[in-house]
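Fold and contact review
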Amino acid sequence: MTKGKVWEPHRAMSNLHLQQDWPEPVVRVQSLSDSGISKIPDRYVKPITDRPSSVAPNDLPGGQAVNIPIIDLGLGRDEVLAKVAEACREWGFFQAVNHGVNPELMDRAREVWREFFHMPMELKQSYANNPKTYEGYGSRLGVEKGAVLDWSDYYFLHYLPTSLKDHNKWPALPSSCREVIEEYAKQVVALAGEVMKILSLNLGLKEDYLQNAFGGDDGVGACLRINFYPKCPQPDLTLGLSPHSDPGGMTLLLPDSHVAGLQVRKNGCWITVKPAPHAFIINIGDQIQVLSNAIYKSVEHRVIVNPNDERVSLAFFYNPKSDIPIEPAKELVTADRPALYAPMTFDQYRLYIRTMGPRGKSQVESLTSDKGCDGA
Ligand code: OGA
Ligand code: NI
């Protein structure tokens, strides 16, 4: 496909290697927050242009507020397909209600994790993660020394493939944690499979196209990142999570039930998502952008924090099998619309965010900088 032409982003990425440990001593943001400081340390202070502005672009004249579309997945098939297609084109994001995941289970999952983050630090530290696998309790994304950090801690774990699932790397406490995650993940995987079908059909592909491209039922990857955003005394100077697109296939986010924070980029503005009760916030990741040959685009998003409330969110990442090449669907490559991306495995792809940290859409955009991998 590349006809021997050197494709620089590929090469650059194959030079990324993850080190064994973090470049600087790890500071838990929750500990900083709990210490009662009134000023945040410099390393969380963003450059002026990256800070959240206090203007709320959501509020239109007349008091209406813009929000990402809310879609009832229980409607008729055609209607669901049409609504999801429009949301994917317009936003790259939607909220799903009537999605089949048990609402009480959603609440239990969120609350068991909130409880985990309020366990003694010593216990949480026993799950401290490292940049090699990211599994466990973490406080930064990226390994660049001296980087400006985000105001959040997290926990990262694997659910699929089964070979990567290791209960010993999941918290043993609260005592119901592992059981709740198991059931939650099972139900969310079923929902993800349904959405994959909807996306495939909307792209004019066979219903099982995307799932097969991801490696099939026994191949797909699924992992969970629980984000914990502690209260922040100077929320205007920092971010809970810097702008990024999700590197994987698709993300199903369970947001906090009463604290907003997620912002989605739309026409250059940051729109704050208002979560609907028991909805999942679903968005397209870079791998579906690649597979769809950019008919669907992953969308940048970020998280703001606030002085009064902590916030917990569960991001469930549904990903391709890590070692198969992902490239535009042949059906979506034409003379008028050549393949915009060369094949790359997800293992290789995700090294970028794991090394450089969240950086907007710079990775997926760098791949198309010469408008096609033949460079012709
Ligand atoms: C993520 C993410 C948003 C949130 O984990 O990738 O974008 O609201 N989270 O926590
Ligand atoms: Ni994200």
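What you see is a predicted model, and the numbers here were worked out from it, not measured in a lab.

Section: unusual backbone geometry
With an omega dihedral of -5°, the bond running from L160 to P161 counts as a cis peptide bond. Locating P161 in the fold gives a position in the loop between β4 (153–160) and α6 (177–202). In this chain, L173 is followed by P174 through a cis amide linkage whose omega measures -5°. Not every positive phi belongs to a glycine, and Y134 is a case in point at roughly 65°.

Thoughts on the UniProt feature "domain: Fe2OG dioxygenase" (unreviewed entry) in the chain
As annotated in UniProt, the feature "domain: Fe2OG dioxygenase" (unreviewed entry) corresponds to residues 219–320 in the numbering used here. Measuring from the first to the last C-alpha atom of residues 219–320 gives 7 Å, for a span that is 6% helix and 43% strand.

Side note on the environment of F156
Looking at the element boundaries, F156 is found in strand β4. Judged by relative accessible area, F156 falls into the buried class, the value being 7%. Along the primary structure F156 and M106 are separated by 50 residues, whereas in three dimensions their C-alpha atoms are 18 Å apart. For F156, the residues in contact, after removing those within four places along its chain, are T133, Y134, E135, G136, C223, L224, R225 and R354.

Some thoughts on the coordination of the nickel ion (ligand 2)
Ideal donor angles around a metal are set by the shape: a four-donor tetrahedron calls for 109.5 degrees, a six-donor octahedron for 90 or 180 degrees. At this site the nickel ion (ligand 2) is bound by H244 (NE2), D246 (OD) and H301 (NE2), with donor distances of 2.1 Å. Each donor residue of the nickel ion (ligand 2) lies on one chain, and together they are spaced H-x1-D-x54-H. D246 shares its class with H244; the two are buried.

Digging into the site of ligand 1
Residues in contact with ligand 1 amount to 14 residues; listed here are only the nearest, R225, Y229, H301, R311 and S313. In this structure, an oxygen atom belonging to ligand 1 sits 2.7 Å away from a side-chain N or O atom of Y229. In the model, an oxygen atom of ligand 1 is placed 3.2 Å from a nitrogen or oxygen of the D246 side chain. Considering ligand 1 on its own, with 300 Å² of exposed area, one finds that the protein chains cover 98% of that surface.

Re the pairing of β4
Within a regular strand, side chains alternate between the sheet's two faces. Within β4, 8 of the 8 residues are buried, leaving the element largely enclosed by the surrounding structure. With 3 bridges connecting them, strand β3 (residues 136–138) and β4 associate as antiparallel partners. Bridging across to β4, G136 finds its partner in F156. When β4 meets strand β5 (residues 221–229), the two strands line up antiparallel, connected through 7 bridges. In the strand pairing of β5, F156 is matched with R225.

Let's talk about the sheet that holds strand β2 (residues 93–97)
On the basis of which strands lie adjacent, the open sheet formed by 8 strands has the order β1-β2-β10-β7-β12-β5-β4-β3 and mixed pairing. What marks the edges here is a single partner per strand, and that holds for β1 (70–72) and β3. Each strand of the sheet is rotated relative to its neighbour by a mean of 25°, with strand direction disregarded. Relative to β2, β1 is paired through 3 bridges, and the arrangement is parallel. Within β2, the residue paired with D72 across the bridge is V97. Helix α4 (residues 103–117) rests against β3, β4, β5, β7 (250–254), β10 (280–284) and β12 (311–319) of the sheet, and its axis sits at about 130° to β4.

The rules behind the values
- Residues numbered from 1 in each chain as written.
- Chains lettered and ligands numbered in written order.
- Predicted model: local features only at pLDDT ≥ 70, side-chain atom pairs only at ≥ 80, totals over all residues.
- Heavy atoms only, no water.
- Helix = DSSP H or I, 4+ residues; strand = E, 2+ residues; numbered from the N terminus.
- UniProt positions renumbered as here; feature names shortened; annotations may be inferred.
- Buried < 20%, exposed > 50% of the residue type's maximum accessible area, 1.4 Å probe, protein only.
- Contact = heavy atoms within 4.5 Å.
- Donors = N, O, S within 2.8 Å, 3.2 Å for Na, K, Ca; no water.
- Near = heavy atom within 4 Å.
- Polar contact = N/O pair within 3.5 Å; in protein donor to acceptor, adjacent residues only side chain to side chain.
- Areas by Shrake-Rupley, 256 points an atom, 1.4 Å probe, with all protein chains shown as cover.
- Pairing = 2+ DSSP bridges.
- Axes fitted to C-alpha atoms, helices over the stretch in contact; angles between N-to-C directions.

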